[in-house]
Amino acid sequence: MKNVAVVGASGAVGERMVRLLEERNFPVASIKFLASERSAGKSVTFRGEKFVIQPITRQALEGVDIVLSSTPASVSREWSPIAAAVGAVVIDNSSAFRMDPDVPLVVPEVNPQDVLWNKGIIANPNCSTIQMVVALKPLHDVARIRRVVVSTYQSVSGAGMTGIVELEAQTGAGVRNEPIPAPSKFAHAILGNCLPQIDDFLPNGYTKEEMKMVNETRKILGDASIDVCPTCVRVPVAYSHSESIVVETERPITAEEAVALWMKAPGVTVVDDPANKRYPLASDAVGRDDVFVGRIRSDLSNPNALVFWCVSDNLRKGAATNAVQIAEELLKLEPARA
Ligand code: 2RA
């Protein structure tokens, strides 16, 4: 049984972390809910009991074994090292430590062994990367991946509660035939548009979100030679991210072989029956924990490449579920640091 703290429990991911601890019957000895001053005072219900979110302090972190954290990176940079220093293991959903060479970046279906070398902080990868590497791992194991070309269709909930509110407000105005409210979260109206920008642009012409897909994929798969060419797009969908993926491997993988590999891969569900118009849909993935793959076919322009469509609930497998699964990996390490 573990003493658990959830930091940022009132956010879109934090709320799901709390529900997943319940759903997965995580062995909780005690639990507390913490946040920066702005969100402290709100309430959270866990296993039928109501808790008030307390301000995060060093004292509040003392005695905690596992911290599930979903805060902005600036808050994590301040508090995660303090939590680790007082003896907790922090599972951090922010981008603060993901590329730190001293911090494992873990997807349990892919690199669970990396929790072993944690020094008190384990990073939870970015949502768009998590679902992609779960699908890529079985292919990489048999045929080594050389290059991935990925285009994402990311839901507004990836931007948090404010992203959802902005889509709702614009949709409501559209339905009522009223002027569309000016965007504040996104650079342009999300209603009626696919925005080829997620996060800020970098000098190389890619966005931060796109470079996360490049760098995190290499770190999680443990192979710095994999080339990734991403285009990340925000679409007017509330929940679940979809991705079109072209993967080039050292030897060809047929669609039939890929299906066989995915059928036995943990965390992957194949939905691939185009004759009956069956393929993964964002709306079907909501509230589920698997990564769904379909539209599986050979690349007509490259004998060593396979093309597929990949969908997952970004707030669950792309964030909260993955974090709780990492906590479950820590439980397996007893009596080591967990
Ligand atoms: C997004 N990937 O969808 C981000 C969330 N981590 O905006």
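Okay, so let's go over this structure. These numbers come from a predicted model, not from an experiment.

Assigned secondary structure in the protein chain consists of 9 helices and 14 strands. A globule of 338 residues ought to have a C-alpha radius of gyration of about 20 Å, and the protein chain, at 20 Å, matches this closely. Counting the 338 residues in the protein chain, one finds 53% classified as buried. In the protein chain, once contacts between residues fewer than 6 apart in sequence are set aside, the share between residues at least 24 apart is 67%.

Taken together, the 3 bridges between strand β12 (residues 268-270) and strand β13 (residues 291-298) define a ladder with parallel strand orientation. Among the inter-strand pairings, T269 is bridged to a residue of β13, identified as F292. Inspection of the sheet shows β13 paired to strand β14 (residues 305-312) by 5 bridges, in the antiparallel sense. Counted as the bridge partner of V293 is C310 from β14.

Taking 1.5 Å as the rise per residue, helix α3 (residues 73-85) with 13 residues should run 18 Å; its terminal C-alpha atoms sit 18 Å apart, in good agreement. Of all the positions in α3, only A73, V75, S76, W79, S80, A83 and A84 are classed as buried. Just beyond α3, the residue with positive phi is G87, at close to 110°.

What follows concerns unusual backbone geometry. Although it is not a glycine, N177 sits at a positive phi angle of roughly 60°. Tracing the sequence through the fold places N177 in the loop between α5 (161-175) and α6 (208-221). With phi around 85°, S240 is a residue other than glycine that occupies positive phi space. Mapped onto the elements, S240 comes out in the loop between β10 (227-231) and β11 (241-249). By relative accessible area, which is 1% here, S240 ends up buried.

Sheet architecture is open: 6 strands sit in the order β5-β2-β1-β6-β7-β8, paired in parallel fashion. A strand with exactly one partner marks an edge of an open sheet, and here the two such strands are β5 (54-55) and β8 (121-123). One ladder, built from 3 bridges, connects strand β7 (residues 89-92) with β8; its direction is parallel. Within β8, the position partnered with D92 by the bridge is A123.

Let's shift gears to the packing of aromatic side chains. Tallied over the entire structure, the rule returns 4 aromatic pairs. Here F33 and F51 contribute two aromatic rings whose centre-to-centre distance is 5.2 Å and whose plane-to-plane angle is 65°, an arrangement assigned as edge-to-face. Here the residue F33 occupies a position in strand β2 (residues 28-35), and F51 occupies one in strand β4 (residues 49-52), the gap between them amounting to 18 residues. Taking relative accessible area as the criterion, F51 reaches 17% and is therefore assigned buried.

For R278, the position within the fold is in the loop between β12 and α8 (282-285). For R278, a relative accessible area of 46% translates into the label partly exposed. Placed 17 residues apart in sequence, R278 and R295 show a C-alpha to C-alpha distance of 8.8 Å. Contact partners of R278, with chain neighbours within four places excluded, come to V271, D272 and D273.

Moving on, we get to the sheet that holds β14. If you walk across this open sheet you meet the 6 strands as β10-β9-β11-β14-β13-β12, and the pairing is mixed. Every other strand in the sheet has two partners, leaving β10 and β12 as the edge strands with one partner each. Taking the axes of each pair of neighbouring strands and ignoring which way they run, one obtains an average angle of 25° across the sheet. Where strand β9 (residues 145-153) lies against β10, 5 bridges are found, and the strand directions are parallel.

Parameters and conventions
- Residues numbered from 1 in each chain as written.
- Predicted model: local features only at pLDDT ≥ 70, side-chain atom pairs only at ≥ 80, totals over all residues.
- Heavy atoms only, no water.
- Helix = DSSP H or I, 4+ residues; strand = E, 2+ residues; numbered from the N terminus.
- Rg over C-alpha atoms; globule rule 2.2 N^0.38 Å.
- Buried < 20%, exposed > 50% of the residue type's maximum accessible area, 1.4 Å probe, protein only.
- Contact = heavy atoms within 4.5 Å.
- Pairing = 2+ DSSP bridges.
- Expected span 1.5 Å × (residues − 1).
- Phe/Tyr/Trp six-rings, centres within 6.5 Å; stacked < 30°, edge-to-face > 60°.
- Axes fitted to C-alpha atoms, helices over the stretch in contact; angles between N-to-C directions.

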